[in-house]
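# Overview (structure and organization)
Each chain, written out:
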Amino acid sequence: MQSPEAGTAVNPTQIHLALATFADEVVGTLARLLAYVGALALFAILGLAGLGQLPDLRDDEPAAKPGWTIADRSHPAFALSRLDPSEKTASYTIFRHPEGGRRDVMRWAGDADKLVAELEIYREGGESDVTQPATSGLAARMGLDAATALEQAGLIDTKFGPVALYRPSGTADGPAACLGYLKRNEEPALQISGFSCQGDTMPARRAAIACTLNRLTQLASGNEPKLAEMFAHAELKRRSCEPQGSADWLLGAANAQLRGTL
């Protein structure tokens, strides 16, 4: 007969199996723990990397929208009729905007290539900002500080109708007092602007600007019939001018009614 101790004796095989099972559980637990720690480390690395980029992201300014660029392949759409075959040709530059705007800019230089006059025909596109004053940027184009205030200097009569004149606030009439000008048209959306430093007196400068605008003609309208119609109507009101002659014709009764504060 076996003793009770013999019936409860642990079989060596059972011990081996128990140890193997325990070892497997320990290895599995360690593997899961390592995987968990590794995942935490990976997230920590990614988090630190992301935080390291935050200062750069905060410092970055919004990407600038495409602006005005020179359109070398575009053809001039406007010109000035010449008074003298020997007259010096102006520079002609065309700017285009991705949102549809186009600027045709003619410039004239005097002695030492100093800019003395500019004429810009701006056909507005989606980039036009109606919240900005119409004269925004005109002072800078005149060679003045962009913050220079401009005051109204009366009107002149042209084939496009009355055109507003501007000069730096507080500027006395004299050889250095250049005049800016601006004419807006709603339909079609068009703005004619520029400046002139030609002439030694206010009447002479007024005459130079009026003569420039009266000589402005359209070469091609493209797919803009309203623009062609506008220039055709304006041509019916065209007046001849003599920049080298007297400017008194601008100061007649009709123009006298236009002068003054706008």
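These numbers come from a predicted model, not from an experiment. (Residues numbered from 1 in each chain as written. Predicted model: local features only at pLDDT ≥ 70, side-chain atom pairs only at ≥ 80, totals over all residues. Heavy atoms only, no water.)

### A short note on the overall build of the chain
Going by this rule: Numbering of helices and strands starts at the N terminus; helices are DSSP runs of H or I of at least 4 residues and strands are runs of E of at least 2. Only protein chains enter the accessibility calculation, which uses a 1.4 Å probe. A residue is then buried if its area is under 20% of the maximum for its type, exposed if over 50%, and partly exposed in between. For every accessible area listed, the method is Shrake-Rupley and the probe measures 1.4 Å; residues are considered covered only by the protein chains on display.
Each helix and strand in the chain was counted, giving 6 helices and 10 strands. For the chain, buried positions account for 29% of its 262 residues. Within the structure as shown, the chain displays about 16500 Å² of accessible surface, and the carbon and sulfur contribution to it stands at 58%.

### Details of the environment of Val-105
Note the threshold: In this analysis, two residues are considered to be in contact whenever any of their non-hydrogen atoms come within 4.5 Å of each other.
Among the structural elements, Val-105 can be located in strand S4 (residues 102-109). Under the relative-accessibility criterion, Val-105 is labelled buried at 1%. As for Val-105 and Ile-94, which are separated by 11 residues in sequence, their C-alpha atoms are 6.2 Å apart. Excluding residues within four positions of it along the chain, Val-105 makes contact with Ser-91, Tyr-92, Thr-93, Phe-95, Glu-118, Leu-119 and Glu-120.

### Points about the sheet that holds strand S6 (residues 150-158)
The test is simple: Here, strands pair whenever DSSP counts at least two bridges between them. Angles shown run from 0 to 180 degrees and are taken between the N-to-C directions of axes, each axis being a line fitted to C-alpha atoms and, for helices, limited to the stretch in contact.
Read across the sheet, 8 strands follow the order S1-S3-S4-S5-S9-S8-S7-S6 without closing on themselves; strand pairing throughout is antiparallel. The sheet is open, and its two borders are formed by strand S1 (69-70) and S6, each paired with just one other strand. Two elements, strand S5 (residues 115-123) and strand S9 (residues 190-196), share 7 bridges in a ladder whose sense is antiparallel. Bridge pairing links Arg-123 to Leu-190 in S9. Of the strands in this sheet, S5, S6, strand S7 (161-168), strand S8 (179-185) and S9 are in contact with helix H4 (residues 202-214), which crosses S6 at around 55°.

### Describing the nonpolar core
Rules: Side-chain atoms within 4.5 Å are what join buried Ala, Val, Leu, Ile, Met, Phe, Trp, Tyr and Cys residues into a set we call a nonpolar core.
Of all hydrophobic cores here, the largest spans 27 residues; its most connected members are Phe-78, Met-106, Leu-119, Phe-160, Leu-213 and Leu-216. Sequence-distant contacts of Phe-78, defined by excluding residues within four places in its chain, comprise Tyr-92, Asp-104, Met-106, Ile-121, Arg-123, Leu-216, Thr-217, Gln-218, Leu-219, Leu-227 and Phe-231. In terms of nonpolar packing, the next biggest core, distinct from the first, is built from 8 residues, Met-142, Leu-155, Ala-164 and Phe-195 among them.

### Considerations on helix H5 (residues 225-235)
For clarity, the threshold we go by: The directions from the helix axis to the C-beta atoms form the arc being described.
Listed in full, the buried residues belonging to H5 are Leu-227, Met-230, Phe-231 and Ala-234. In an axial view of H5, the angular spread of the buried residues amounts to 90°, which keeps them on one side of the axis.

### A look at the state of the cysteines
Convention followed: Cysteine sulfur atoms are paired as a disulfide whenever they come within 2.5 Å of each other.
In total, this model carries 1 disulfide according to the counting rule given. Sulfur-sulfur distance for the disulfide between Cys-178 and Cys-197 comes to 2.0 Å. Between Cys-178 and Cys-197 the sulfur-sulfur dihedral comes to about 105°; the bridge is accordingly right-handed. With Cys-178 in the loop between S7 and S8 and Cys-197 in the loop between S9 and H4, this pair connects stretches of sequence that are 19 residues apart. Residue classification places Cys-178 among the buried positions, given a relative accessible area of 15%.

### Section: the packing of aromatic side chains
The criterion, for reference: Classification of ring pairs rests on two measures: the distance between centres of Phe, Tyr or Trp rings, Trp counted by its six-membered ring, which must be within 6.5 Å, and the angle between planes, read as stacked under 30 degrees, edge-to-face over 60 and tilted in between.
Counted by the stated rule, this structure contains 3 aromatic pairs. Aromatic pair Phe-78 and Phe-231: ring centres 5.4 Å apart, planes at 35°, arrangement tilted. Of this pair, Phe-78 sits in strand S2 (residues 78-80) while Phe-231 sits in helix H5, placing them 153 residues apart in sequence. Like Phe-231, Phe-78 is buried. Relative to Phe-231, the ring of Phe-160 lies with its centre 5.3 Å away and its plane at 75°, an arrangement referred to as edge-to-face.

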